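Descriptive analysis of the structure
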Amino acid sequence: MNPLPASPEQVEYVPDEQAVGDLAARFAASVQAPVAIYLRGDLGAGKTTFARAFIHALGYPGYVKSPSYGLLETYQAGDSNILHLDLYRIEDPEELEFLALRDLFNDQSVLLVEWPDRGEHYLPEADLVLDFDENHETRFIRCRFFTPQGKTLWDKVFGAS
Ligand code: ADP
Ligand code: MG
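Below you will find a few notes about this structure. These numbers were taken from a predicted model, which means no experiment stands behind them.

Coordination sphere of the magnesium ion (ligand 2), protein contribution only: T48 (OG1) and E114 (OE), at 2.1 to 2.3 Å. With T48 in helix α2 (residues 47-57) and E114 in strand β5 (residues 109-114), this residue pair connects regions lying 66 residues apart in the sequence. For T48, a relative accessible area of 16% corresponds to the buried category. According to the relative accessible area criterion, E114 is buried, its value standing at 3%.

Below you can see the structure in the form of structure tokens.
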């Protein structure tokens, strides 16, 4: 998975959950299906926090639970068919075949994947990759795009450069 040649990265500092929610809302305001967003980072880094805020900002009003046990949770918001995957507990990427992810992912889909590295070769390619990390106890999210669609979204959120 290599960035497009010109892919810059945007590092957003997120000192609290509010900051994560604000960033998620900025992505949600500009996102267009179909899109695949990978959320990477250690346990507790804030991936589900981002996904939850993003799904709410897309207009889903109900409770967004962590999909870590069921692997996949789906939501409908407006025209978007939201797929939230968490592959932390997956034993074999072939389980994604069993979920029929390829059939579920369509033009209306907004896909969020936690632990995407565990589903290698069985996931739609990432338009955006968000890496959740911290440095001297300061949390940040590194945002990169990997496709033209990802660049379009990235440009809308961070301003074309
Ligand atoms: P992950 O899905 O990456 O395992 P979670 O989103 O479940 O992590 O977050 C773990 C905990 O960290 C939660 O209690 C959440 O409220 C908190 N948290 C997440 N992001 C931040 C942040 N930027 N600043 C402070 N606390 C955060
Ligand atoms: Mg999580």
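Moving on from the coordinates now.
Moving on: the site of ligand 1. Near ligand 1 you find 15 residues, and of these E17, G44, K47, T48 and T49 are the closest. Between ligand 1 and the protein, one listed contact pairs an oxygen atom with a backbone N or O atom of T48 at 2.8 Å. Contact between ligand 1 and E114: an oxygen atom at 3.3 Å from a side-chain N or O atom of the residue. Protein coverage of the free-state accessible area of ligand 1, which is 570 Å², stands at 71%. Elements with a minimum of two residues in the shell around ligand 1: α1 (17-30) and α2. With 3 residues, the top contributor of residues to the shell around ligand 1 is α2. Here the shell around ligand 1 is built from residues that sort into 5 nonpolar, 4 polar and 6 charged.

Let's shift gears to the sheet that holds β5. Pairing is mixed in the open sheet, where 7 strands are placed in the order β1-β7-β6-β2-β5-β4-β3. The sheet is open, and its two borders are formed by β1 (10-13) and β3 (72-77), each paired with just one other strand. Going from strand to strand, the sheet's axes swing by 20 degrees on average, the running direction of each strand aside. When strand β6 (residues 128-135) meets strand β7 (residues 138-145), the two strands line up antiparallel, connected through 8 bridges. Looking at β7, one finds that V129 is bridged to R144. The sheet strands contacting helix α5 (residues 148-158) are β1, β2 (35-40), β6 and β7, and the helix crosses β7 at an angle near 135 degrees.

Below, the discussion takes up the pattern of salt bridges. Scanning the model with the defined rule gives 9 salt bridges in all. When the shortest N-O distance is used, the salt bridge between E9 and R142 registers 3.1 Å. Taken together, the residues E9 in the segment before β1 and R142 in strand β7 connect sequence positions 133 residues apart. What makes E9 partly exposed here is its relative accessible area of 43%. The shortest N-O distance in the salt bridge between D131 and R144 comes to 2.8 Å. With D131 in strand β6 and R144 in strand β7, this residue pair connects regions lying 13 residues apart in the sequence. With a relative accessible area of 11%, D131 lands in the buried category.

Calculation rules
Residues numbered from 1 in each chain as written. Chains lettered and ligands numbered in written order. Predicted model: local features only at pLDDT ≥ 70, side-chain atom pairs only at ≥ 80, totals over all residues. Heavy atoms only, no water. Donors = N, O, S within 2.8 Å, 3.2 Å for Na, K, Ca; no water. Helix = DSSP H or I, 4+ residues; strand = E, 2+ residues; numbered from the N terminus. Buried < 20%, exposed > 50% of the residue type's maximum accessible area, 1.4 Å probe, protein only. Near = heavy atom within 4 Å. Polar contact = N/O pair within 3.5 Å; in protein donor to acceptor, adjacent residues only side chain to side chain. Areas by Shrake-Rupley, 256 points an atom, 1.4 Å probe, with all protein chains shown as cover. Nonpolar A, V, L, I, M, F, W, Y, C, P; charged D, E, K, R; others polar. Pairing = 2+ DSSP bridges. Axes fitted to C-alpha atoms, helices over the stretch in contact; angles between N-to-C directions. Contact = heavy atoms within 4.5 Å. Salt bridge = Lys/Arg side-chain N within 4 Å of Asp/Glu carboxyl O.

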